[in-house]
Amino acid sequence: MSKIRELQIGDEKKLVGLFVTLTGKEILIDSASSVADHDAVCLVIEEDDALIGFGSLIIHKVPTKGEVARIEDVIIGENHQGKGLGKMLVLRLIEIARERKISKINLTSNPMRTAAHKLYEKLGFSKYDTDTFFLSL
Ligand SMILES: CC(C)(COP(=O)(O)OP(=O)(O)OC[C@H]1O[C@@H](n2cnc3c(N)ncnc32)[C@H](O)[C@@H]1OP(=O)(O)O)[C@@H](O)C(=O)NCCC(=O)NCCS
């Protein structure tokens, strides 16, 4: 039986495999700082003591928009995909954003991630016409 819960200190080692699937790199996140940060909502999906899903809502203020959020790092373990868990996780993040009176959720996703795009469209996300830029520092 799988359940969604908030990230806890000590979860980081159990998440390394998931992040390899998402990024190709072994990432040990700083769970203590994420847990302490009220504006970084990190959810995990737990099943039989393993963590099989992760997703986060990062909340910040924009002067002209008030509080907005980004969804980051949504991932369901390869053996657990296609069972509705990704949908359940993103719906919970949206629900938390509504509870916190967030006016908009943004996210970016590589065009090759077709399953993710279908999921986001199904949940009501629209594509911006504007381009997204980044500067690596
Ligand atoms: C994208 C991802 C999070 C979806 O999670 P999931 O648990 O597999 O998806 P769900 O079972 O909840 O499916 C929800 C909807 O997503 C879409 N979807 C899921 N898998 C799909 C696939 N392989 N092909 C096309 N659409 C798919 C469908 O619209 C589906 O709804 P439906 O079952 O009613 O048709 C998961 O596949 C994943 O972790 N992929 C690798 C990492 C990734 O791309 N993360 C997103 C970064 S932006």
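Caption draft 1: Representation of the pattern of salt bridges in the model. Evaluated as defined, the whole model comprises eight salt bridges. The salt bridge partner of Lys-3 is Glu-46, with a shortest N-O separation of 3.8 Å. Highlighted residues: Lys-3 in strand 1 (residues 2-6) and Glu-46 in strand 2 (residues 40-47), separated in sequence by 43 residues. In this structure, the salt-bridge partner of Arg-92 is Glu-95, at a minimum N-O distance of 2.5 Å. A residue pair is termed a helical-turn pair when its members lie 3 or 4 positions apart in one helix, as Arg-92 and Glu-95 do in helix 3 (residues 85-99) at three residues. Arg-92 sits in the partly exposed class, given a relative accessible area of 28%. Each member of the salt-bridge network shares a partner with another, and the members are Lys-3, Arg-5, Asp-11 and Glu-46.

Caption draft 2: Seen up close, the sheet that holds strand 5 (residues 105-106). An order of 1-2-3-4-5 is seen for the five strands of this open sheet, with the pairing classed as mixed. If you trace the sheet from one side to the other, it starts and ends with strand 1 and strand 5, each paired once. Two elements, strand 3 (residues 50-62) and strand 4 (residues 66-76), share nine bridges in a ladder whose sense is antiparallel. Across the sheet, Val-62 pairs through a bridge with Gly-66, a residue of strand 4. Helix 1 (residues 12-23) contacts strand 2, strand 3 and strand 4 of the sheet and is inclined by roughly 75° relative to strand 3. Sheet strands touched by helix 3: strand 1, strand 2, strand 3, strand 4 and strand 5. Its angle to strand 2, the strand with the most contacts, is close to 150°.

Caption draft 3: Structural view of the side chain of His-80. Structurally, His-80 can be placed in the loop between strand 4 and helix 3. For His-80, a relative accessible area of 18% corresponds to the buried category.

Rules behind the numbers
- Residues numbered from 1 in each chain as written.
- Predicted model: local features only at pLDDT ≥ 70, side-chain atom pairs only at ≥ 80, totals over all residues.
- Heavy atoms only, no water.
- Salt bridge = Lys/Arg side-chain N within 4 Å of Asp/Glu carboxyl O.
- Helix = DSSP H or I, 4+ residues; strand = E, 2+ residues; numbered from the N terminus.
- Buried < 20%, exposed > 50% of the residue type's maximum accessible area, 1.4 Å probe, protein only.
- Pairing = 2+ DSSP bridges.
- Contact = heavy atoms within 4.5 Å.
- Axes fitted to C-alpha atoms, helices over the stretch in contact; angles between N-to-C directions.

In short, the description is geometric, and any link to function would need to be established separately.
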